[in-house]
Amino acid sequence: MAFIFIMEKSTITTYLDQNKERMLNELMELLKIPSISADSKYKGDMLKTAEAVRQRLIEAGADKAEICPTKGHPVVYAEKIIDATKPTVIVYGHYDVQPADPINLWDSPPFEPVIKKTETHPLGAIFARGACDDKGQMYMHVKAFETMMKTKTLPCNVKFMIEGEEEVGSPNLGPWIIENKARLKGDVILISDTSMIANDIPSIDTGLRGLAYMEVEVTGASRDLHSGVYGGAVANPIHILCKLIADCHDENKHITIPGFYDDVMELSKEERSEMAKAPFDLKDYQKDLGIEEVLGEKGYSTIERTGIRPTLEVNGIWGGYIGEGAKTVLPSKANAKISMRLVPHQSSEKISKLFQNHFERVAPSSVKVKVTAHHGGEPVVVPIESNGYRSASRAMEDSFGKKPVPTRSGGSIPIVALFKKELGLDSILFGFGLDSDALHSPNEHYGLFNYYKGIETIPLFYKYFTELTTNK
Ligand code: BES
Ligand code: MN
Ligand code: MN
């Protein structure tokens, strides 16, 4: 007689195993719709994506799910209230994606998802724009919710707020949350839109940087000039702009704008040595990026340079002739888009003003300089001593078999500071992506391991959060 060993499996794991393929196919379908928020050409696709998300939330078991119009792209809102006396988790995510260009650098079309194995993702990864940022990570929450509904394990209330304008600075979500304060009552905001250190090194971000995004236009002569007839006698706005930009940093890569560091929160020695414990391999980092050496502010490590220090980067620069062949022209205008990442206690508005004053003051009188501010956002820190962080940490510890490391992210999610200010709620940055997943770049991808691990881990967050919040 043979002995039959039956592995004990939780209902959740069994449900996931049985529905894995369908959950992946659904994400692939969602990734086919080009929901590019920045380009008005895709307005119809934005609506189509919002409708698909709404539909999936209803199928997953929401009591109601609606498309809420805004001045820009709509917000998808859904909820499942099981008991008004129980805690409420508010899930935030975004269904919009970055533009896919330069398209010719993609190995497969950005909106025709394919699964390929990579060195980092031996089980395979889905290649498509938005695979990681943020459709893949957002959709894990819809599938985790479905799983809890179908296995009757949802322990608390849940509200979904999925927006379509994160990649353009969330201009309409702020007003929307203010208008909808009453129905956004909850206990914590849960977001998967950040990264972990590696698939075998789980981590949780405890901070996001703020952002001040500027555009500069330098104008010389009132028209483009013959560079032989006038060159040497009239200011060249491209030269002036390049010098203005180069002068923004000194030889230690310190930013030279007066007052820029005034409000920067300096970390204590203890905090810095705590941060330095996070595993980081400079050689791997350089190899992944194809560089021989890193470059950044003197006196700080690479992790500190992106995590706790403010920065200034040119995002784009143009002017003059860039067509085929040669044209001898002394251009009338030069332009640049410049963004600054901010750290706790810096204010986006104040930094924008400092930047503007500085550029207008140092520009020579041979040119005119016009500075305009685009979107901004404030930095945030997530308290580690909170039920939200503890629940996220325990959930990851269970599913990865390792306690996650607290980290600081260099990226920004501008609305998170407003969640705190307007709703009084902390956000838990429960990201499952990797920085090497090429977010915003050609060949963006998301590991199948990460997708499934997220769906498996999220219900554990709900379980711990309900326990911790109820037993107070
Ligand atoms: N999901 C990212 C932010 C992010 C990525 C945080 C990786 C941490 C790790 C988000 O979609 C994003 O790209 N934000 C923009 C800001 C926005 C105003 C365009 C950013 O950080 O540039
Ligand atoms: Mn994102
Ligand atoms: Mn993004």
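Attention shifts here to the overall build of the protein. Along its length, the protein carries 12 helices and 21 strands. Against the 2.2 N^0.38 benchmark of 23 Å for 472 residues, the protein shows a C-alpha radius of gyration of 24 Å, consistent with a compact globule. Overall, the C-alpha framework of the protein stretches about 95 × 50 × 50 Å when taken along its three principal axes. Relative to its 472 residues, the protein shows a buried fraction of 53%. Long-range pairs, those at least 24 residues apart, make up 79% of the contacts in the protein with a sequence separation of at least 6. Only carbon and sulfur atoms are counted for the fraction: they give 53% of the accessible area of the protein, which is about 22400 Å². Separation of charge centres in the protein, based on 55 positive and 64 negative side chains, amounts to 3 Å.

Glancing now at the coordination of the manganese ion (ligand 2). Those donors, His 94 (NE2), Asp 133 (OD), Asp 193 (OD) and Asp 193 (OD), are the protein atoms that reach the manganese ion (ligand 2), and they lie 2.0 to 2.4 Å from it. Sequence spacing of the donor residues for the manganese ion (ligand 2), all on one chain, is H-x38-D-x59-D. Separating the manganese ion (ligand 2) from the manganese ion (ligand 3) is a gap of 3.6 Å, bridged by Asp 133, which donates to each. You can see His 94 sitting in strand 3 (residues 88-94) and its partner Asp 133 sitting in the loop between strand 5 (125-127) and helix 3 (135-150), a full 39 residues away along the chain. For His 94, a relative accessible area of 0% gives the class buried.

This brings us to the nonpolar core. Within the largest apolar cluster, 85 residues are counted, with the highest numbers of intra-cluster contacts made by Met 161, Phe 419, Tyr 451, Phe 461 and Tyr 462. Setting aside residues no more than four positions away along its own chain, Phe 419 makes contact with Tyr 92, Met 161, Leu 173, Ile 177, Ile 189, Ile 191, Gly 424, Leu 425 and Ser 427. Counting 29 residues, the second largest nonpolar core, distinct from the first, contains Tyr 261, Val 343, Ile 351 and Phe 359.

The next subject is the sheet that holds strand 21 (residues 445-447). Here three strands make up an open sheet; going across it, the order is 4-5-21 and the pairing antiparallel. Only two strands of the sheet have a single partner each, and these edge strands are strand 4 (114-116) and strand 21. The average undirected angle you get between the axes of adjacent strands in this sheet is 30°. Where strand 4 meets strand 5, three bridges bridge the pair, whose relative direction is antiparallel. Paired with Lys 116 across the strands is Ala 125, a residue of strand 5.

Turning to the environment of Ile 36, a few remarks are in order. With respect to the element layout, Ile 36 can be found in the loop between helix 1 (11-31) and helix 2 (43-60). By relative accessible area, which is 5% here, Ile 36 ends up buried. Residues Ile 36 and Gly 231, spaced 195 residues apart in sequence, show a C-alpha to C-alpha distance of 42 Å. In this view, Ile 36 contacts Tyr 42, Met 46, Val 97, Gln 98, Pro 99, Ala 100 and Phe 111; residues no more than four positions away in its chain are not counted.

The domain boundaries assigned to the protein delineate domain 1 (9-208 + 379-470) and domain 2 (210-264 + 310-377). Each partner contributes residues to the interface: domain 1 has 10 residues there, and domain 2 has 11 residues. Between domain 1 and domain 2 the total buried area reaches about 660 Å² when both faces are included, carbon and sulfur atoms providing 61% of it. Of all residues in domain 1, Pro 379, Ser 412 and Pro 414 give up the largest surface area on contact with domain 2, accounting jointly for 64% of the area buried on that side.

On to the sheet that holds strand 11 (residues 210-219), then. Ordered in space as 13-15-11-16, the four strands form an open sheet in which the pairing is antiparallel. Two strands lie at the open edges of the sheet, namely strand 13 (311-319) and strand 16 (368-377), each paired on one side alone. Adjacent strand axes in the sheet meet at a mean angle of 20° when their direction is disregarded. As defined by bridge partners, strand 11 adjoins strand 16 across eight bridges and the pair is classed as antiparallel. When the sheet's bridge partners are listed, Val 216 is paired in strand 16 with Val 371. Taken strand by strand, helix 5 (residues 237-246) contacts strand 11, strand 13, strand 15 (333-342) and strand 16, and its axis lies near 15° from that of strand 15.

The immediate surroundings of ligand 1 are formed by 17 residues, with Glu 166, Asp 193, Arg 341, Ser 412 and His 440 found nearest. One of the side-chain N or O atoms of Asp 193 is found 2.8 Å from a nitrogen atom in ligand 1. The protein chains hide 90% of the 520 Å² of surface that ligand 1 would expose on its own. Its residues assigned to classes, the shell around ligand 1 comprises three nonpolar, nine polar and five charged. For the shell around ligand 1, the domains that each give at least three residues are domain 1 (9-208 + 379-470) and domain 2 (210-264 + 310-377).

Right, let's talk about the coordination of the manganese ion (ligand 3) for a bit. On the protein side, the manganese ion (ligand 3) has Asp 133 (OD), Glu 167 (OE), Glu 167 (OE) and His 440 (NE2) as donor atoms, found 2.1 to 2.5 Å from it. Mapping the donors of the manganese ion (ligand 3) onto the primary sequence gives the spacing D-x33-E-x272-H.

For the peptide bond that leads from Asp 101 to Pro 102, omega is 5°, which places it in the cis range. By the element assignment, Pro 102 lies in the loop between strand 3 and strand 4. Between Asp 133 and Asp 134 the backbone carries a cis peptide bond, its omega angle lying at 0°. Take Asp 134: it is sitting in the loop between strand 5 and helix 3. Of note, Lys 152 is a non-glycine position whose phi angle comes to about 55°, a positive value.

For side chains of opposite charge, pairing can occur when their charged atoms come near one another. Across all of its chains, the model carries 25 salt bridges by this definition. A salt bridge links Glu 26 to Lys 143, with the shortest nitrogen-to-oxygen separation between them at 2.6 Å. Taken together, the positions of Glu 26 in helix 1 and Lys 143 in helix 3 put the pair 117 residues apart, joining distant regions of the chain. Notably, a salt bridge pairs Arg 54 with Glu 51, separated by 3.2 Å at the nearest N-O pair. Separated by three residues within a single helix, Arg 54 and Glu 51 lie in helix 2, roughly one turn from each other. Shared partners join several salt bridges into a network, and the residues in it are Arg 22, Glu 26, Lys 143 and Glu 146.

About the criteria used
- Residues numbered from 1 in each chain as written.
- Chains lettered and ligands numbered in written order.
- Predicted model: local features only at pLDDT ≥ 70, side-chain atom pairs only at ≥ 80, totals over all residues.
- Heavy atoms only, no water.
- Helix = DSSP H or I, 4+ residues; strand = E, 2+ residues; numbered from the N terminus.
- Rg over C-alpha atoms; globule rule 2.2 N^0.38 Å.
- Buried < 20%, exposed > 50% of the residue type's maximum accessible area, 1.4 Å probe, protein only.
- Contact = heavy atoms within 4.5 Å.
- Areas by Shrake-Rupley, 256 points an atom, 1.4 Å probe, with all protein chains shown as cover.
- Lys, Arg positive; Asp, Glu negative; His and termini not counted.
- Charge placed at Lys NZ, Arg CZ, Asp CG, Glu CD.
- Donors = N, O, S within 2.8 Å, 3.2 Å for Na, K, Ca; no water.
- Core = buried A, V, L, I, M, F, W, Y, C linked by side-chain atoms within 4.5 Å.
- Pairing = 2+ DSSP bridges.
- Axes fitted to C-alpha atoms, helices over the stretch in contact; angles between N-to-C directions.
- Domains from an automatic or database assignment.
- Buried area = accessible area lost by both parts, 1.4 Å probe.
- Near = heavy atom within 4 Å.
- Polar contact = N/O pair within 3.5 Å; in protein donor to acceptor, adjacent residues only side chain to side chain.
- Nonpolar A, V, L, I, M, F, W, Y, C, P; charged D, E, K, R; others polar.
- Salt bridge = Lys/Arg side-chain N within 4 Å of Asp/Glu carboxyl O.

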